[in-house]
Amino acid sequence: MNAEDEIWETGDAKAIAMEMQFMPAALVSSGDNMMAAAWLSQVSASPPLFMISLRKSRHTYDKVQETGEIAINLMPIEHADKVHYCGTRSGKKVDKFAETGLTRREPVKTSSVLIEQAIVIYECKVVNEVEAGDHQLIIAEAVYTHRKKGIDIVDVRPALYTGSGYYTTVMRPYKF
Ligand SMILES: Cc1cc2nc3c(=O)[nH]c(=O)nc-3n(C[C@H](O)[C@H](O)[C@H](O)COP(=O)(O)O)c2cc1C
């Protein structure tokens, strides 16, 4: 076993995992509500499937049960403050569009509200739900996509969450 030393801090996975995250700080919408979601990933190319980890206590979870749909809105770093607002208030109590100034975009193939300020948006239909500890893994198929015109992957600066209320973005990417 490795001993604690000057380079590595070892120990409780739960504490370190919550402080050292490197995840997209997206907005997930369902119905007319939206929340910040960092625990999400694409998990299949064909069909295009996404996974989002949702606590049952979220208002968004209730909306997912009602509609069977979500939209994943990847947000640019300049709106990280609004993402944070949507990740610290519940749609049960506040109208997050009114409070943040983010604006709605009409969905095409689903019913979940979309966010005009996003970089890319996936309209999704839920295909499976799996229990995972204190969260539910919602697996959803992207059935329609919206992408801002003229955006070059080299210039995109997405909002990423590093934990404990900190947000960051990517540098100019390396290409191999
Ligand atoms: C950056 C960030 C990422 C978050 N990621 C998740 C997540 O992946 N899953 C989750 O259940 N909650 C996550 N949350 C917490 C919810 O966004 C938060 O509880 C929100 O207020 C729920 O809103 P709602 O009740 O309107 O659905 C995150 C919060 C922040 C600030």
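Refer to the structure presented above.
Read on for an overview of the structure. Since this is a predicted model, take the numbers as computed values, not measurements.

How each quantity is defined
Residues numbered from 1 in each chain as written. Predicted model: local features only at pLDDT ≥ 70, side-chain atom pairs only at ≥ 80, totals over all residues. Pairing = 2+ DSSP bridges. Helix = DSSP H or I, 4+ residues; strand = E, 2+ residues; numbered from the N terminus. Core = buried A, V, L, I, M, F, W, Y, C linked by C-beta atoms within 7 Å. Buried ≥ 20, exposed ≤ 12 C-beta atoms within 10 Å, placed from the backbone. Contact = placed C-beta atoms within 7 Å. Axes fitted to C-alpha atoms, helices over the stretch in contact; angles between N-to-C directions. Near = placed C-beta within 6 Å. Nonpolar A, V, L, I, M, F, W, Y, C, P; charged D, E, K, R; others polar.

**Brief notes about the sheet that holds strand β1 (residues 23–24)**
1) Next: Spatially, 3 strands are ordered β1-β11-β12 in an open sheet, and the strand pairing comes out antiparallel. Each of the sheet's edge strands pairs with one partner strand only, and the pair in question is β1 and β12 (166–168).
2) Next: Pairing between β1 and strand β11 (residues 160–163): 2 bridges, direction antiparallel. Within β11, the position partnered with Met23 by the bridge is Tyr161.

**A short note on the nonpolar core**
1) Next: Ranked by internal contacts, the top residues of the largest apolar core, which has 34 residues, are Ala25, Leu27, Val28, Ile70 and Ile72.
2) Next: Residue contributions to this core peak at 4 residues, all from strand β3 (residues 33–37).
3) Next: When neighbours within four sequence positions are excluded, Val28 is seen to be in contact with Met34, Met35, Ala37, Ile52, Thr60, Ile70 and Ile72.

**Points about the sheet that holds β3**
1) Next: Overall, antiparallel pairing links the 7 strands, which are arranged β3-β2-β6-β9-β10-β5-β4 in an open sheet. Looking at the sheet topology across the chains shown, the edges are occupied by β3 and β4 (40–44). Across this sheet, the average inter-strand angle for adjacent strands is 35 degrees, counted without regard to direction.
2) Next: Contacting β2 (26–30), β3, β5 (49–54), β6 (69–74), β9 (120–132) and β10 (135–147), helix α2 (residues 59–67) runs over the sheet at an angle of about 45 degrees to β2.

**As for the site of the ligand**
1) Next: Lining the immediate environment of the ligand, one finds 22 residues, of which Trp39, Thr60, Gly87, Ser90 and Gly91 sit closest.
2) Next: Elements supplying a minimum of two residues to the shell around the ligand: β3, β5 and α2.
3) Next: Ranked by residue count, the leading element in the shell around the ligand is β3, at 4 residues.
4) Next: Class assignment of the residues belonging to the shell around the ligand gives a composition of 8 nonpolar, 10 polar and 4 charged.

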